[in-house]
Amino acid sequence: MIIRQAFFEGSIHAGKEGAFKAYVAEKLMPMWLAFPGIREVKVLYAVERDEGAPPFPMVLWTAYDSREALAAALDSAVRYESREMTKGLLEMFDGHIHHHVFDLAHG
């Protein structure tokens, strides 16, 4: 299983946490679930972190059967639509997003 994670490093604007989470649930999650080949989508919100650790208020976790399935999802129209929709989310966020791909060895 291939896991792609989007790490939102930074901070959600003060007082916008609820609107941020609603935007993810109402606008982005349906798009992410429509990616071709997607097996699972999880959204994780930070609760606490080690002292001195960088802030990651949200992590998007997506699972695919193979690197080929991931490549097809990343090349899909809905992925590009979701990138456009993400711009609205970023209006409530200061920081940057970086992606990492993992091979799930145990799960």
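As shown above, the structure is provided for reference.
Below you will find a few notes about this structure. A quick note: this is a predicted structure, and the numbers were derived from the prediction, not measured.

1. Brief notes about the packing of aromatic side chains
Per the counting criterion, the structure on display carries four aromatic pairs. Seen from their ring centres, phenylalanine 7 and phenylalanine 56 are 5.7 Å apart, and the 70 degrees between their planes marks the pair as edge-to-face. Of this pair, phenylalanine 7 sits in strand S1 (residues 2-12) while phenylalanine 56 sits in the loop between strand S2 (38-45) and strand S3 (58-64), and the two are 49 residues apart along the sequence. The exposure class assigned to phenylalanine 56 is partly exposed, which follows from its relative accessible area of 26%. Among the aromatic residues, those joined into a ring-pair cluster are Phe8, Phe20 and Phe93. Its guanidinium or amino end placed over the ring of tyrosine 45, lysine 21 lies 4.8 Å from that ring's centre, counting from NZ or CZ.

2. Here we look at helix H2 (residues 67-74)
Within H2, the full set of buried residues consists of Ala69, Leu70, Ala73 and Leu74. Taken around the axis of H2, the buried residues stretch over an arc of 135 degrees, which confines them to a single face. With respect to the buried face of H2, the exposed residues turned more than 90 degrees away are Arg67 and Glu68. Lining the buried residues of H2 we find S1, S3, helix H3 (77-90) and strand S4 (93-103).

3. Side note on the environment of glutamate 68
Of note, glutamate 68 is situated in helix H2. Take glutamate 68: its relative accessible area is 60%, and that puts it in the exposed class. On a C-alpha basis, the gap between glutamate 68 and isoleucine 2 in space is 9.6 Å, while along the polypeptide they are 66 residues apart.

4. Concerning the pattern of salt bridges
The final tally for this structure, using the stated rule, is three salt bridges. For arginine 39, the salt bridge identified is with aspartate 65, shortest N-O distance 2.7 Å. Here the residue arginine 39 occupies a position in strand S2, and aspartate 65 occupies one in the loop between S3 and H2, the gap between them amounting to 26 residues. Of the residues examined, aspartate 65 reaches a relative accessible area of 47% and is grouped as partly exposed. For glutamate 84, the salt bridge identified is with lysine 87, shortest N-O distance 2.9 Å. Of this pair, glutamate 84 and lysine 87 are both found in helix H3, three residues apart, which corresponds to roughly one turn of the helix. A residue is classified by how much of its surface remains accessible, and lysine 87, at 47% relative accessible area, is partly exposed.

5. Focus on the side chain of threonine 62
Inspection of the secondary structure assignment puts threonine 62 in strand S3. Threonine 62 has contacts with Ile2, Ile3, Arg4, Ile38, Glu40 and Val41, leaving out every residue within four places of it along the chain.

6. Some words on the packing of helix H1 (residues 17-33) against H3
The N-to-C vectors of H1 and H3 enclose an angle of 175 degrees; their axes lie 9 Å apart at closest approach. Here H3 runs roughly antiparallel to H1, going by the angle between their axes. Where H1 approaches H3, its residues Phe20, Tyr23, Val24, Lys27, Leu28, Met31 and Trp32 are matched on the opposing element by Val78, Glu81, Ser82, Met85, Thr86, Gly88 and Leu89. Taken together, the residues of the contact of H1 with H3 break down into nine nonpolar, three polar and two charged.

What counts as what
Within every chain, residues take consecutive numbers counted from 1 along the sequence as written. Given that this is a predicted model, residues contribute local features only at a pLDDT of at least 70 and side-chain atom pairs are listed and counted only at 80 or more, while totals for whole chains, interfaces and linings are drawn from all residues. The basis for every side-chain value is the complete set of non-hydrogen atoms in the structure, without hydrogens or water. A pair of aromatic rings is counted whenever rings of Phe, Tyr or Trp (Trp by its six-membered ring) have centres within 6.5 Å, and the orientation is called stacked for planes under 30 degrees apart, edge-to-face for over 60 and tilted otherwise. Elements are defined by DSSP. Helices are runs of H or I of four residues or more, strands are runs of E of two residues or more, and each kind is numbered from the N terminus. Throughout this description, buried means an accessible area under 20% of the type-specific maximum (1.4 Å probe, protein chains only), exposed means over 50%, and partly exposed covers the range between. For a ring to carry a charge above it, either NZ of a lysine or CZ of an arginine must fall within 6 Å of the ring centroid while also lying within 35 degrees of the normal to the ring plane. Within this analysis, the arc is defined by the directions that extend from the helix axis to the C-beta atoms. Note on definitions: a residue-residue contact is assigned when non-hydrogen atoms from the two residues lie within 4.5 Å. Salt bridges are defined as contacts in which a side-chain nitrogen from Lys or Arg sits within 4 Å of a carboxyl oxygen from Asp or Glu. Axis definition: a line fitted to C-alpha atoms, over the contacting stretch in the case of helices. Angles run 0 to 180 degrees between N-to-C directions. Oblique is the label for every angle not falling under 35 degrees (roughly parallel), over 145 degrees (roughly antiparallel), or within 65 to 115 degrees (roughly perpendicular). In this classification, the charged set is Asp, Glu, Lys and Arg, the nonpolar set is Ala, Val, Leu, Ile, Met, Phe, Trp, Tyr, Cys and Pro, and all remaining amino acids, among them Gly, are polar.

The analysis is restricted to geometry; functional conclusions fall outside its scope.
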